[in-house]
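# Secondary and tertiary structure notes
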Amino acid sequence: MINQYFQFNNHELKIKTMKKYSYIFRKKCLLFAIIPLLMFTSCTKDVLKETPLDFLSPENAYNTLPGIQQGIAGLHFSARNWFYGGNFIGTLTRGMGTDVAFFGEDPNDIQFLNNYKTYLTSENDRIWNLWKWNYQNIQRANVLIAGINTSDIALWENEAQKNSYLAEAMFFRAYAYRILVSFYGDVPLVSEVINSAKTDFVRAPKADIYKLMEEDLTFASANLPVPGKEAAPGRITQGAAWHMLSELYLTESKYQLAVDAASKVIDGYKYALMKTRFGTRLGHDVFGSGDVYMDLFGYGNQNLAENTEAIWVVQVEPLITGGGVVDGDRMFGPAYYRMGNTPDGFKAFRGELVNGAYTGYSDTLGRPVSWMRPTNYTAYDIWRSDWNNDIRNARHNIKRNYYYDSPGSIYDKKKIDFSLFPAGSRDLMRDTCQYIYPFFMKFADPLNHFTQPERSGGGFTHKDLYAIRLAETLLLRAEAYVRLNKLDEAAADINKIRNRANATPVLPAAVNLDYICDERTRELYGEEWRPITLRRMGKLIERTLRYNNNPKNPGANIQVYNNLLPIPQSQIDLNINAVMEQNPGY
Amino acid sequence: MKKIIKDREVPSGNFLQKMFFIMRLTLIFLITSTLGLLASESYSQNTRISLDLKSVTVKEALKTIESSSEFFFIYNNELIDVDRKIDITVKNEKISDVINKIFDGKAVEITVVDRKIVLSPTAMIAQQLTKKIAGKVTDPSGLSIPGASVVVKGTTTGATTDNDGNFSLVLPNDAKILTFSFVGMKTQEMSIGNKTTFNITLLEETIGIEEVVAIGYGTQKKSDLTGSVDRVSLGEKASQTNTNLLQALSGVSAGVNVQGSGLAGTEPNLSIRGQTSLSASDRPLIVRDGIIYNGEIADININDVESVDILKDASSAAVYGSRSANGVMLITTKKGKTDKPAVSFNMSYGFQDMTNNPMKVMNADQYAVRLIDYYYQQNLYAWYKTKPTSATGKPVRPDVTDRNIVAARLRSQEERDNYLAGNEINWVDEITQIAPIQNYNLSFSGRTDRSNYFVSASYANEEGILKNDQFSRITLNSNVESKVTDWFTLGLITSYSYRDYSGLEASLGSARAASPLANNKIGSPHYDMFLTGESYMPYPLNNLYVDNSDIRNNLFLVGSGKITVPWVKGLTYELNYSNTYSTRNNNTFYPVTTPEGAGNKGQAIKNPYEERNSIVNNIITYLRTIGDHQINATLLYSRENRHAQSSTLNAQGFGNPVLGYNNMALGAVATVASTAWEENSLSYMARLNYSLKNRYLLTATVRRDGFSGFGANTKYANFPSLSLGWVASEESFLRDMKSIYLKLRVSYGKNGNQGIGRYSSFSRMTSDAYVYGSTTAIAVYPSTLGNDDLGWETTTSLNTGIDYAFFNHRISGSIDVYKSETTDVLVSRALPMTTGYANVWANIGAIDNKGIELALKTINLKGRLNWTTNFIFSLNRDKISSLYGGANDKDIGNSWFVGEPISAIYDYKMAGGLWTEQELYSGKTLANWYPGQFKYVDQNKDGVIEANGDRSIIGYNTPNYRFSITNVLSYKNFSFSFLLNSIQGGDDYYLADNSSVVNIDWISDTSYRINGSAVRPYWTPDNGVNNSTGIYNSPAVHGGIYESRSFVRLQDISLTYNFSPNLLKTLKIGNCQFFVSGKNLYTWTKWSGWDPETGVSNSPLMRNITTGFRITL
C-alpha cells in the first residue's frame, strides 16, 4: 500500500522515504506502523462506488410483486390527491364556470373560473397543474408498465396475473389522456418511459391519442379482474374499463361501440342501481327522513359489497396513514356562518360547544366556503317538474332552508329570511351566493367530522367518492342511443334512473342531448366531470352562456375559443427544440 | 412538556444555574486537558544542548543553536563580531555555558530572557546610564504581551517584557527612540522625550509582508504568496456582538460577500467572488484548523478564532481541487501564546430590534375601507369595460365616512363589531419585540517550553425580534499542542458546541395578513387559531403554543502527529485525523389548538438527525533554503467519508396530549420515515512553492480528486494550477526606495465544483401512502429523473494582482483583476412537464466571470491620535456564454440567455405609472387595459401586452458593485471604529421584485381576504397614486415591481475604553476594557419596506446595541 501511494509522487522521494520508514520502524516505535494502516485501509476504487441507501430507483423499484403493487398504489394515490381532494382543481373538473356552478364567495374573483376571458391565460398555474399532473401520471404509468414488461417471468403465477397489473397501469394512462385530450385538444403523445431530458415535444393529433386510449382500455377491459374479484376495495375492474371505453367511443362518435361497451357494464356483471335503503345511515337520518339516494352517499357505504352501483370508488379514510381527505362540504356548501347577525342583532350562528367555547359552526353543515354555488339552473330549474316527488330533491338531499341558531334572539330556531332585515341593510348577492343557497348534501357528512372539532371538520370529509357509478354508465348509453336516434332505448335507460328517484318517467320524444345534460345534473352534479361531458356533446359554450347566471359575469364571459384550455406557457417556453403550438385564441 | 411563556420574564435563577453549569463544565474541561502540560520544565538557562562544529563562524554557530533549540539571538552585528571562525564541541551542556565558550574572553554581555538571548558588548553596559523608564506592552484586546522586545533604536540596549507584559529599562544618555516589537505584531517606534512611562498597544500585523498566512495544508509567508489570499483581521471586531463568525466577515474583504439573516442564531449566506454555477451550490469550502469542515459556522465560537484566511483565486484554491471553485475560507483557532497562563473573560449584553425599514400594514380604518374599494372597483372596472368616453355614468364610491356602510362590507360579524366599537390590533407590534442578546466568554491559555494550550468556554443567548425566536449556545474548546521530542509533535483539538433553537417564532407573515379588527384574545387559552374564522389568517402567535425542542450538538476532533525527519533537513511528515459528529434533535408537538394539530387531534413529530464526517490527511512537506533558492514542497493524500442518517417519527390523534412528543405511543396514528446517505472522496495533491532571491516566486499545484457523487466514468478529475510572483521592490532599481513595496502576481488554474452533492446522477422513486378500504397501501412512483453522464463542473481562471505599499506602509493594499470560465456547468434544468419531471441535473453550458477587487489601507494620523482607514471595493460581472449549444440559446422558462448574466430578469418592462381615466376616455389605453393598472412597454408594438413578445430582460438580481469603509480612531485610552458597508445596483443591477411588499396582491382572492401592506397606498380613481395598482386588480398580465436594493449601511460601530495600566496594576489585573457597540444601526436606501439585504423575506435583518467588557488576569 505504501508503494502505491508513493509511486504517485516521485520515485526518488519514494526510495528516500521508504528508507526512512524502515529506519524509523526499526529504531523508533511501533506508532509508525499503525499510521500507514490507518491511511490506506480500504484504499480501493470501490470507495467511490455510490449505492443509494434510502431510495429506490426505477430500475429496482418494480421488479418484485410487492414493488409492482406499490406502483399501482402510486397511480391511485396521485389520481386521488390531484383530482379528488384538497385543491382548487376540483372546482374546474366538477363544472365551475359551466352551466352547473359559479364561484359563490365572490363571483368576480380572479382566482376561480368566473370569467373565461381573464382567467384562462397560458400563465394560469391551475391550468399548468392540470397539465403537469396528468403528464406526471403518464410517466408513472409508463415506468410501471415498462417495469412489468421487463419483470422476471418467475414473479408471476401466470400470464393473466401479469396482465391484470399491466391492465391497471394502462387504465390510469388512458385516464390521464382522457383529461388532457378533452381539456387541451391535441397533446404530445408519450407512451414510452422518458429517461433523459427531452425538449422537442410536438402535439399529436387527437386521433393518435384516442388510438392509444382505445388500446389501453381494450386491454384493460379484457385483463382486469371482473367486478367483485378485485384484490381490494377501490381497485380497478373490467367494469370501470368498459365504462371509460364507452365514454371514449362516444367522444370518437363511435356510437354503436359506445352502446356495446356500456352494455358490457350494465348487463355483463352484477351491477345494478340501488333501490332500497342500505348501509350506515339506516336509523341515523339527520334531517328526520332519508332514502336510498341519501344512503348512496352515507359514510362508509360506497365500499360495501351490497352496493351494486359503485364501479370505481376513490378511497378516503380518516386518521390513518394514506387516508387523505376530500374537500367535501368545503367545496359545495354555503358559508352560512359568515352571514352575520339576526335581524335583531344577535350572532346568527352560535355553533357547537367545544373546549368551553362556542365555535360558530354547525356540526351538521360543517364549514363550507361556497366555492361551487350551483347555478339557478342546477339549484332550482331542473327540479321544478318533479319538485316534491324526486327523492334527489328531498330536503335531506338538498338543504334549502336554514335556521338561526341564536339563543337570545327572538329569531332563534326560525328560518332565515333576508326579507325580514331592514331594507338596504343586506347585500343580496352575498346573501344568496355566499351565505345561503341550496346545499347538495351528498357532499356533506353531517354529524360525522373526525378532525378539527372546533371548526366542525374544517370543511373536510372522509367519505369515499364515486369516480364511476352505474347511473353514469346508463346515461352514457342513453347518450349513445340518442346519437343513434334510438330514443326509446335512450328513454328506457334514463327512466331506470328516474324510476329509482321516484321522478316522472321521461317520454322518448322528450329525450335529446340537453335532456341528458339535465338528467346528468340531477343525478350526477358534482360527481361527473362536467366540462368533459359538455365538450363531448359540443355544448360547453352554448349551455354555459345559457345557464351560467354568475351575477357579475353572466355566462362566465365564455368565448368561442374557450372550448379548449391554453397550453401552459412554461411548457411552450421550455420545449426549446420544437415549437409547441398554442391553442387558437390564446 | 415545556411551559408556554406568555409574559416573558428573565428567569434569573435559571440563568445563574446555566452559568454555574458552564463553569463546572469548563473546570472539568480545563483540568482534564491541561494535566500533564504543566509538569514540563520551563525553557530556561538550564536547557542543555550538544554541538560539534569545526571552523564555523560565530554567526553559523549561533544559527545552529537557533535551529536545534527554541533559543534565538538578538545582537547588532556592528557591535558584536560574529564573522570570527571558531571550533566548538560540547555535549549536553547548559546553554549559558555553551555561549560563554563561544564568546570565550570576548567583551560580550549575555542576557537570557526565556528564549531570547541578547548579546551586547560589555562596553555598552559600562556606558553611563542616566534615566530609568518602565511600562507595559499589550495587544489590542488588552492582553499583556510577555516577551516583547523593547530596544533603544540604533543600539543593542533593550529589555524584554515580563510575564505581565511589564518592562523596565535604564536608558543611555543619548537615547531618543524606543522600538517595540513582537512576533506577529507590528513594530512600533516611540520618541522618548521626557516621558518615563510607556504603555504601548501593539497592533497585529495585518498587512505586514512578514505575516504567515494559511494556504491549505500548510502556511506561507505573505511575502511569498503568488495567489490572491486575504487575511481577515478579527481584532477590530472584538467589540462587536456577533454570534456568528460570518457576521464579522461582512464587508471586511474584497470579494467576500456575506448576506445577513434575520432570525436568532441563523447562519448568514457566504459567497466569494461571482456566481460560477447555474444551480450547484456557491458556498465556499470551509476549512477549520486544516480540516475540511462540513458543519455550520454557527458551531464556532468567534472568540476562539485566531484568523480567517480567504483563498480567492484559482491557484491558491487549487489545493482543494474539486471543491474550490467557490473559493476557500480557512479558519484557524487560537493557541496558547504566553508563558504566563492567561485567563481572559469577556461579556456583552444588549438589545436588538428591526433595522430602520419597518413594514407598515394597514390599520383598522384602511383595512375596513379596502373592502369598500375592492367591491367599488369591481363595479368601476365593469363600467370601464363599457369603454366610456367621459365620466358620465361612472359608479360612485360609497361614503367611506359612514362607519355603518364600511362595517357592512366587512367579512365577519366580529370585525364589524370591533370596527364600530373602535377596537384595533397592530399585529406586527404584537409579534415583535426588542430582544436581548448576550455573550459570555472565558478562556485560559498559555505556553510552556514544549507545549501550548488554549481552553475556552462560551455562552451566548440571543432572542430574535419575533417573539419566541430564541437561540442559545454553549461551546467548549481545547487546543493543545505538545512537542514530545525534538522531532515529534502531537496536537489535539477538541471542540464541542451545543446549540438550542427551541421554540418556534411568531409568524411575521401571518401578522402582516392578520385582521386588525379580529377579537383580541392575545394570551387567552381560548384564542382563535384562525382569526375571524378565516383560514387565510392564522393567528400570528399560534407558534407560541407549539412545544418545540431543537437541539444541535457538534463534536469536532482533530488529532495530529507531526514528524520532523531528523536526517533529511527540511522534511516533515504530518498525519492528521479528524472526526466531526453532529446531531440534531428537533421535536415538536402541535396541540389541537394550532393549525398543524387541529386536523389530526394533535400531532407530534420527532426528527432526529446525525452525521459523521471523518478525514485523514497525510502531508509531506519539504522546506529548504539553498543559497538564493527557497523550496517549499507539499504532497498530500487525503480521504474523506461522510455518513448521515435521519428519521421522521410522526404521531397523530392524541386523546391525551399531556406527554406530547415524549410519548408518541399515545398517538392513534403513527407514521415513520427514514433517510440515510454516504459519500466518499479521495484526493491527491502536490504543490511546489519556489522562490529565487526572495523576488521571483512560483507556485505550482496539481490535485486529483475522486468523488462518489458522480457517474461511474466521471468520478475523477485533475485540477492543475500555476502562479508566478515578482517582488519588484526587491530589484535594484527600486531597492533604494525603502518606503516602497511592490509585488506583481499572476495565476492560472482549474477548480472544480461538486456542489450538487450525492446521488444526483440517479433516478429516484418517492414513496407515499394510499388506502384501500381501511388498509394502508404503500405507494411508490418515480419522482426524479437521473443522468448517468453527470460529471464535474470546472472553472478555469486567470488572476492578476498587485500588492503595494508606499510611504513606509502609510498607504498599502492590493488590486486583483480576474477572469474565469466555468464549463460543464451543473444545472438543475427545468423541463417541459410533458416529460413528467420538473427538472434534471445536467452538465450544460458555460459561464464567464470577470471582476476587480481593490483594497486600500491608509494610516492617516499617527501619534497621540491614530487614525486608519480601510477601503475595499469589488465588482463582478458574470455571463452565460453557452447554454445548450446554440449561439443564441435562450431558456425563458429558467430565465437563462446566452450572452446575459445568470441573474437576468425576464419580465414585462414598466412604462411608467398607471393608466389614467383620461387615457381611457380618450381611447389611448391598450386593449384590455384600464385605469389603475400598470402600463407596460409594448415591445413588439402589436397593441397587446402578452407573454410572447413583450417580455424582455429588464435588469439583474446581482449587485453592480460593493464597497466598504472602515475607520479606526484611537486617542489616549479611547478607541473608536465604524464600518460603512454598501451594495450598489445602478444600471438596472441589484433589482428585486418587491411587489409582495409594496402592492396589493395580484390575486384578488388574497387581497380581499387578508390585510395588506401600507408601504404604498393602493390606487383609487381620486387619490392620485401612480405607483401602486388599484385594489381590485385583474390585469391581463402582470410583471414584478422591481426596486433597486442599493444601500449604504452603518454596519459596525464601537467605542472602547482601555483602563489605565496604573490602575490595573494596583488592582493586579492584566487588562480591562469597556465597550459600547452597535450593529446595523442605520441603513440608507430607497428600497421600500423591509431591509434591502434580506429583501422581501419575512425575517428582516436585526440591529443591536450592546455594551460589555473584557478582562484579562
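Placed above this text is the structure.
Along each chain, residue indices are assigned from 1 in the same order as the chain's sequence is written. Whichever chain is written first is A, and whichever ligand is written first is 1; the rest continue in order. Local features in a predicted model are, by the rule used here, given only for residues with pLDDT of at least 70; side-chain atom pairs are given and counted only at 80 or more, and totals for whole chains, interfaces and linings are based on all residues. Side-chain numbers here rest on the full set of heavy atoms in the structure, without hydrogens or water.

Any pair of residues with heavy atoms lying within 4.5 Å of one another is described as a contacting pair. In this assembly, 110 residues from chain B lie in contact with 107 residues from chain A. The term buried area refers to how much accessible surface (probe radius 1.4 Å) is lost by two components on association, counted for both of them together. When the buried surface of chain B facing chain A is broken down by residue, Tyr 770, Tyr 772 and Thr 834 of chain B rank first, second and third, together holding 9% of it. Take a side-chain nitrogen of Lys or Arg and a carboxyl oxygen of Asp or Glu: if they are within 4 Å of each other, that pair is a salt bridge. Our enumeration of links across chain B and chain A arrives at four salt bridges. In this structure, Asp 427 of chain A engages Arg 409 of chain B in a salt bridge whose closest nitrogen and oxygen atoms are separated by 3.2 Å. Pairing of N or O atoms within 3.5 Å defines a polar contact, subject to two protein rules: one partner must be a possible hydrogen donor and the other a possible acceptor, and residues neighboring in sequence count only if both atoms are side-chain atoms. Taken together, the connections running from chain B to chain A amount to 30 residue pairs in polar contact (both at pLDDT 80 or more).

Attention now goes to the sheet that holds strand β11 (residues 188–191) of chain B. Residues and elements named next belong to chain B. Only when DSSP finds a minimum of two bridges between them are two strands counted as paired. Only DSSP runs of H or I with at least four residues qualify as helices, and only runs of E with at least two residues qualify as strands; both kinds are numbered from the N terminus onward. In spatial order, the strands read β8-β7-β10-β11; together these four strands make up an open sheet with antiparallel pairing. The open sheet has two edge strands, β8 (158–160) and β11, and neither has a second partner. Each neighbouring strand pair of the sheet contributes to a mean axis angle of 20 degrees, computed without reference to strand direction. Axis definition: a line fit to C-alpha positions, over the contact stretch in the case of helices; interaxial angles, taken between N-to-C directions, run 0 to 180 degrees.

To continue, consider the pattern of salt bridges. In this structure the tally under the stated criterion is 80 salt bridges over all chains. A salt bridge links Glu 296 of chain B to Arg 499 of chain B, with the shortest nitrogen-to-oxygen separation between them at 3.5 Å. Linking Glu 296 of chain B in the loop between β19 (291–292) and β20 (305–311) with Arg 499 of chain B in strand β26 (residues 488–500), this pair joins segments that are 203 residues apart in sequence. Linked through salt bridges whose partners overlap, the residues forming this network are Glu 309, Asp 386, Asp 390, Arg 392, Lys 442, Arg 469, Arg 498, Arg 500, Glu 519, Arg 522, Glu 523 and Glu 527 of chain A.

The next subject is a nonpolar patch on the surface. Residues and elements named next belong to chain B. Patch definition: residues with relative accessible area over 30% and no salt bridge; like charges joined within 9 Å; nonpolar side chains (Val, Leu, Ile, Met, Phe, Trp, Tyr) joined within 5 Å. Values of accessible area rely on a 1.4 Å probe in the Shrake-Rupley scheme; residue burial ignores everything except the protein chains shown. Together, Tyr 696, Trp 726, Phe 733, Leu 744 and Ile 802 line one region of the surface with nonpolar side chains, adding up to about 430 Å² of accessible area. With respect to the element layout, Ile 802 can be found in strand β37 (residues 793–806). Residue Ile 802 is classed as partly exposed on the basis of its relative accessible area of 31%. Using a 1.4 Å probe on the protein chains alone, a residue whose accessible area is under 20% of its type maximum counts as buried, one over 50% counts as exposed, and one in between counts as partly exposed.

With respect to the helices and strands, the residue Ala 927 of chain B is situated in the loop between α14 (917–921) and β47 (934–936). In sequence terms Ala 927 of chain B and Gly 602 of chain B are 325 residues apart; their C-alpha atoms lie 53 Å from each other.

Bringing the environment of Asn 1011 of chain B into the picture now. Residue and element names in this part refer to chain B. Positionally, Asn 1011 belongs in the loop between α17 (1004–1009) and β52 (1042–1044). For Asn 1011, a relative accessible area of 6% translates into the label buried. Separated by 641 residues in the primary sequence, Asn 1011 and Arg 370 have C-alpha atoms spaced 9.1 Å apart. Those residues in contact with Asn 1011 that lie beyond four places of it in its chain are Val 361, Met 362, Tyr 367, Arg 512, Ala 513, Ala 514 and Pro 516. Within the structure, the side chain of Asn 1011 is placed 3.4 Å from the backbone oxygen of Ala 514, a separation counted as a polar contact.

Here we come to the pairing of strand β23 (residues 435–447) of chain B. Residue and element names in this part refer to chain B. Among the 13 residues in β23, 11 count as buried, and that is most of the element. Inspection of the sheet shows strand β22 (residues 342–354) paired to β23 by 11 bridges, in the antiparallel sense. By the bridge assignment for β23, Met 347 is matched with Tyr 440. Note: β23 against strand β24 (residues 451–463), 11 bridges, orientation antiparallel. Each bridged residue has a counterpart across the sheet, and for Tyr 440 the counterpart in β24 is Tyr 459. In textbook terms, the turn of a hairpin is the stretch between consecutive antiparallel strands, and for β23 and β24 this stretch comprises three residues.

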